[in-house]
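Structural features, examined
Letter by letter, the chains look like this.
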Amino acid sequence: MAGTGVPATAATASAPSARGARLGPVALVLAAGVSVQFGSAVAVTLMPRAGALGVVTLRLVLAAAVLLIVCRPKVRGYGRADWGTVVAFGTAMAGMNIFIYQAVQRIPLGAAVTLEVLGPLLLSVIASRRLANLVWAGLALGGVLLLSGLLGGGGFDRLDPVGTGFALAAGAMWATYIVFSARTGRRFPQADGLALAMAFGAVLSLPFGIVEAGGRLLVPSTIALGLAVALMSSVLPYTLELLALRRLPAPTFAILMSLEPAIAATAGFLVLSQGLSLVDALAIALVIAASMGAVRTQGKHTPAVLDA
């Protein structure tokens, strides 16, 4: 390449490598979203057996057991700040799951996820240092509102207010989860921090699940479905997201979360036989466009909001 001092062959070889480095963590986030939303669809079918809090307990306890067995994390050699990060991460995971499952008991899954994703979108606006990311966040928010029905004559006016409140609380916990997932990934090797945080979240949720479901948690078929939910909605997606957050800026990651309502709508259609309208399809296209734009304009440095 003339004038650069870099051989053309080296520059050509580095271009695909750079694209792969940029798209690799994005693929992890997308795979995590597909896994967690299809896992949520399975969880909806499990709620009549164990209740919302029972499903949360099964999900977190079984996920923690799997991660602790696989990772066998070390507990020595960490300071107070490290353990504080684990506690905050585990609390965010437990709260996010408890709140969203309480919301799903009261309002439709698509509406609950749409409200929940407002948390990551707000985080993307707060954390962004690039005007372009604000534009993509706004476009994604427009898609989310269109999908929810707030644009075009629909809306959440008939939704249960308690369910709406739970979904918004889940969104706040989701934004907190993003921050502390990134910090945990930097403080602990591999998925050790995730395993420890999951165990803490499982302990927090256990009393709620026992009170609501009791002995129903020990039914073999319920445990089997709970394990499927744990693997699809916790073990796989949280691991993929932790790995992605080591390389993705916070605004980009948060905007990618706007894909969740679209993935949830697809999961609802395939698993729960919930239909999609033309307006839904347009909304999905908007959030996909916003996510693609965020990926193309992502910054090279992680914003300070995620710094330890």
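Reference entry: report on the structure contained in this document. Within each chain, residues carry numbers counting from 1 in the order of the written sequence. Note on the predicted model: pLDDT of at least 70 is required for a residue's local features to be given, and 80 or more for side-chain atom pairs to be given and counted; whole-chain, interface and lining totals, by contrast, use all residues. Calculation of side-chain values draws on the structure's entire complement of heavy atoms; hydrogens and water are dropped beforehand.

Summing up its helical and strand segments, the protein has 11 helices and 0 strands in all. The numbering of helices and of strands both runs from the N terminus, where a helix is a DSSP run of H or I of at least 4 residues and a strand a run of E of at least 2. Listing every helix and strand of the protein by position from the N terminus yields α-α-α-α-α-α-α-α-α-α-α. For the protein, with 308 residues in total, the buried portion stands at 50%. The contact rule is simple, with two residues in contact once any of their heavy atoms fall within 4.5 Å. Counting contacts in the protein only where the partners sit at least 6 residues apart, residues at least 24 apart contribute 88% of the total. Surface accessibility in these figures is a Shrake-Rupley result with a 1.4 Å probe; residues are shielded only by whichever protein chains are displayed. Split by element, the accessible area of the protein, about 13600 Å² in all, is 69% carbon and sulfur. Burial classes: relative accessible area under 20% of the type maximum marks a residue as buried, over 50% as exposed, and values in between as partly exposed (1.4 Å probe, protein chains only).

Checked against the element boundaries, G143 lands in helix α5 (residues 131–148). Here G143 falls in the buried class, since its relative accessible area comes to 0%. Between the C-alpha atom of G143 and that of L282, which follows or precedes it by 139 residues, the distance is 7.7 Å. Look past the residues within four positions of G143 in its chain and what remains in contact with it is A283, L286 and V287.

This part is about unusual backbone geometry. Even without being a glycine, R72 presents a positive backbone phi close to 45°. For R72, the location among the structural elements is in the loop between α1 (8–71) and α2 (80–104). Of note, Q190 is a non-glycine position whose phi angle comes to about 50°, a positive value. Here Q190 lies in the loop between α6 (161–187) and α7 (192–213).

This part is about the environment of E260. Note that E260 resides in helix α10 (residues 260–271). Considered as a pair, E260 and V36 are 224 residues apart in the sequence and their alpha carbons are 9.0 Å apart.

As a further point, take the packing of α2 against helix α8 (residues 220–245). Between α2 and α8, the shortest axis-to-axis distance is 14 Å and the interhelical angle comes to 135°. In terms of orientation, α2 lies oblique with respect to α8. Of the two elements, α2 crosses α8, and the hand of that crossing is right-handed. Each of F89, M93, M96, N97 and Y101 in α2 lies in contact with α8, whose residues at this interface are V229, Y238 and L242. Residue classes follow a fixed rule: Ala, Val, Leu, Ile, Met, Phe, Trp, Tyr, Cys and Pro count as nonpolar, while Asp, Glu, Lys and Arg count as charged, and any other residue, Gly among them, counts as polar. In terms of residue class, the contact of α2 with α8 is made up of 7 nonpolar, 1 polar and no charged. Comment: axis = line fitted to C-alpha atoms, over the contacting stretch for helices; angle = value between 0 and 180 degrees taken between N-to-C directions. An angle below 35 degrees is read as roughly parallel, one above 145 as roughly antiparallel, one from 65 to 115 as roughly perpendicular, and any other as oblique. If you view the pair so one helix is near and one far, a crossing is left-handed when the near helix is turned anticlockwise from the far one by less than a right angle, and right-handed when it is turned clockwise.

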